[in-house]
Amino acid sequence: MSLIRPDKAQQRLPMATIESTEKTALQLVPRELNCLTKDTVPPLSPPIARTAIHPQAFALSNQKTKKSSKSLADLPPELAERILALLHPTAATRLRRLSHAFRTLLSSLQFVRQNLRRNIPPHLKSRTHITWPDAWDALFLAAHSATALQSVYAGEWWRDVRRVECAHRFLTPRVGIPRTLGLLKALTHLDLSACRLVGGFPAEMGEMEALESLVMARNCLEGALPVELGRCTGLRVINVSSNKLSGAIPVEVLLGCKQLEVLNLASNRIEGEIPCQVGTLTNLKELHLAANQLVGKVPDSLSCCSNLEYLYLHSNGLDCSDIAHVLGGLGRLVARSF
C-alpha cells in the first residue's frame with residue numbers, strides 16, 4: 001500500500017482547501033482499526049477533536065452535498081500529513097506498521113513535532129518540577145521504538161525541567177531509561193526509584209551536564225554502570241541500589257565525579273575489587289557496597305575519604321583482615337559493617 005501516489009506527490013493545495021477538508025474529516029466517526037488492533041484508539045485532547053480519525057479512509061464532502069470516498073493515497077502529502085497529525089500519538093505510532101511509506105512519514109521529526117503540538121497542552125512546557133508523571137510523560141517514557149517522539153518531547157516539554165522526583169510511581173507497562181534523557185541539560189535531580197524500570201543505563205546519560213543527584217534504586221536495571229557518568233562532574237549522589245547491575249565499579253566515574261557525597265551500589269551483582277581510586281572522593285560521606293560479589297582487600301586509599309560517615313561492605317567476598325589501618329583515617333565514621 002502506498003501512502004501517496006506518484007502523480008499526486010507534487011500537487012499543492014491552497015490552504016483554504018486543506019483547512020476545509022481537514023474540518024470535514026474531523027466530523028467523521030472513526031471505524032475500527034481492524035487491520036491493526038482491536039484496541040480502542042485513544043481520544044484526542046480537546047479542543048482539537050473529540051473523535052479519532054480513521055487512518056485509512058476519509059469521506060470528504062463537497063459544496064453540493066455529494067459525497068465521495070478517498071483514501072490517503074489519493075491525498076497530496078501536505079494534506080495527508082496534516083490530517084494524520086490530528087491522531088493521538090499512540091494511534092499514529094501503530095499506523096507505522098501499514099507500509100514503508102507510513103513508517104517514513106510518521107517517523108520523521110517534522111511529523112512527530114506537529115503531531116505532539118496538536119495534542120499536548122501548551123502549559124506542560126512551563127514545568128520545572130515533575131513529581132507525578134501524567135499520561136504524556138508516561139507515553140514519553142514508554143516509547144521504546146519511537147525515538148523521534150522521545151527526542152521531540154524531551155527537547156520541548158521537558159526542556160526546562162530541573163527536578164524529576166517520581167519515586168514509587170510503578171510505570172505500566174515496564175519501561176526502560178530513555179536515551180533522550182541526555183537532552184535534558186537543565187536537569188539537576190532525577191529520582192525514578194521503584195518505577196519498575198528495566199534494561200540498562202544508556203550512555204547518553206553522561207550528557208546531562210547539570211545532574212547532581214541520580215537515584216534509581218529498587219528497579220530491575222541490568223548491565224554495568226556506564227563509564228559516561230564520569231562526565232557528569234557535578235554529581236553528588238548516585239543511588240542505584242537493589243537492581244541487577246553487574247560488572248566492575250567504573251574507575252571513570254570515581255575519577256570524574258569528584259563531588260560525590262553518596263555512592264550506593266548495594267544489593268546488586270557488582271564484581272571485581274574496590275578500585276583504589278575511591279580514595280580520590282574526599283567529599284564522600286556514604287559508601288554502600290554491601291550485598292554484591294566484590295573480592296580482594298579493601299584498598300588503603302579509602303582512608304583518604306576523611307569525611308566518610310557510613311561504610312557498608314558486608315555480604316561480599318572481601319578480605320577485611322587489614323581494615324583497621326583503613327579505619328584509622330576515618331575519624332568521622334559513625335556506622336560501619338564488614
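Overview of the structure. Predicted model only: the values in this text are computed from it and were never measured.

Examining the packing of helix H6 (residues 135-142) against helix H7 (residues 147-156)
For any two helices packed against each other, one specifies the crossing angle of their axes together with the interaxial distance.
Phase 1: Where H6 meets H7, the axes come as close as 9 Å, and the angle between the chain directions of the two elements is 135°. Regarding the angle of H6 to H7, the classification is oblique. Relative to H7, the crossing made by H6 is left-handed. Across from Trp136, Asp137, Leu139, Phe140 and Leu141 in H6, the residues of H7 making contact are Leu149, Gln150, Tyr153 and Ala154.
Phase 2: A per-class count over the contact of H6 with H7 returns seven nonpolar, one polar and one charged.

Concerning empty space enclosed by the protein
Phase 1: Summed over all chains, the structure comprises one cavity of 30 Å³ or more.
Phase 2: Estimates place the volume of the largest cavity at around 50 Å³.
Phase 3: Lining the largest cavity are Pro89, Ala92, Thr93, Arg96, Leu106, Phe111, Val112, Asn115, Leu116 and Leu149.
Phase 4: Top element by residues in the lining of the largest cavity is helix H5 (residues 109-119). It accounts for four residues.
Phase 5: For the lining of the largest cavity, the class distribution of residues is seven nonpolar, two polar and one charged.

A short note on the environment of leucine 124
Phase 1: Note that leucine 124 resides in the loop between H5 and strand S3 (129-130).
Phase 2: For the pair leucine 124 and glutamate 156, spaced 32 residues apart in the sequence, the C-alpha separation amounts to 9.3 Å.

Comments concerning the pairing of strand S12 (residues 269-272)
Phase 1: Of the strand pairs in this sheet, strand S10 (residues 244-247) and S12 are connected by two bridges, and their pairing is parallel. Among the inter-strand pairings, glycine 247 is bridged to a residue of S12, identified as isoleucine 270.

Concerning H7
The α-helix winds at 3.6 residues per turn, so residues separated by three or four positions along the chain end up facing the same way.
Phase 1: When you tally the buried positions in H7, you get seven out of 10 residues, the bulk of the element.
Phase 2: Every buried residue belonging to H7 is among Ala148, Leu149, Gln150, Val152, Tyr153, Ala154 and Glu156, and all of these are buried.
Phase 3: Where H7 is buried, its residues touch helix H3 (89-94), H5 and H6.

Let's talk about the pairing of strand S8 (residues 220-223)
Phase 1: In this sheet, S8 lies alongside strand S6 (residues 198-199) in parallel orientation, the contact comprising two bridges. Note that in S8 the partner of glycine 199 across the bridge is leucine 221.
Phase 2: Strand direction decides the pairing type here: S8 and S10, joined by two bridges, are parallel. Of the residues in S10, the one forming a bridge with glutamate 222 is lysine 244.

What counts, and at which threshold
- Each residue is numbered by its place in its chain's sequence as written, counting from 1.
- Residues qualify for local features only when their pLDDT is at least 70, as the model is predicted, and side-chain atom pairs are given and counted only at 80 or more; totals for whole chains, interfaces and linings, by contrast, use all residues.
- Side-chain metrics rest on all non-hydrogen atoms present in the structure, leaving aside hydrogens and water.
- For helices, the fitted axis covers only the stretch in contact; all axes are lines through C-alpha atoms, and the angles between them, taken along N-to-C directions, range from 0 to 180 degrees.
- Secondary structure follows DSSP: runs of H or I at least 4 residues long count as helices, runs of E at least 2 residues long count as strands, and numbering of each begins at the N terminus.
- Relative orientations are named as follows: roughly parallel for angles under 35 degrees, roughly antiparallel for angles over 145 degrees, roughly perpendicular for angles from 65 to 115 degrees, and oblique for any other angle.
- Here a crossing is called left-handed whenever its near helix is offset anticlockwise from the far helix by less than a right angle, and right-handed whenever the offset is clockwise.
- The contact criterion used throughout is that any non-hydrogen atoms of two residues lie within 4.5 Å.
- Polar here means any residue other than Ala, Val, Leu, Ile, Met, Phe, Trp, Tyr, Cys and Pro, which are nonpolar, and Asp, Glu, Lys and Arg, which are charged; Gly is therefore polar.
- Residues are called lining when one of their atoms sits within 4 Å of a cavity or pocket point, these points coming from a 1 Å grid over the protein atoms alone, where a cavity is a set in which a 1.4 Å probe fits but cannot get out and a pocket is an open set with protein on both sides within 12 Å along at least five of seven lines.
- Grid points are joined across faces, edges and corners, and a volume is the space filled by probe spheres set on the points.
- Only when DSSP finds a minimum of two bridges between them are two strands counted as paired.
- Partly exposed describes any residue whose relative accessible area lies between the buried limit of under 20% and the exposed limit of over 50%, with all areas from a 1.4 Å probe on protein chains only and scaled to the type maximum.

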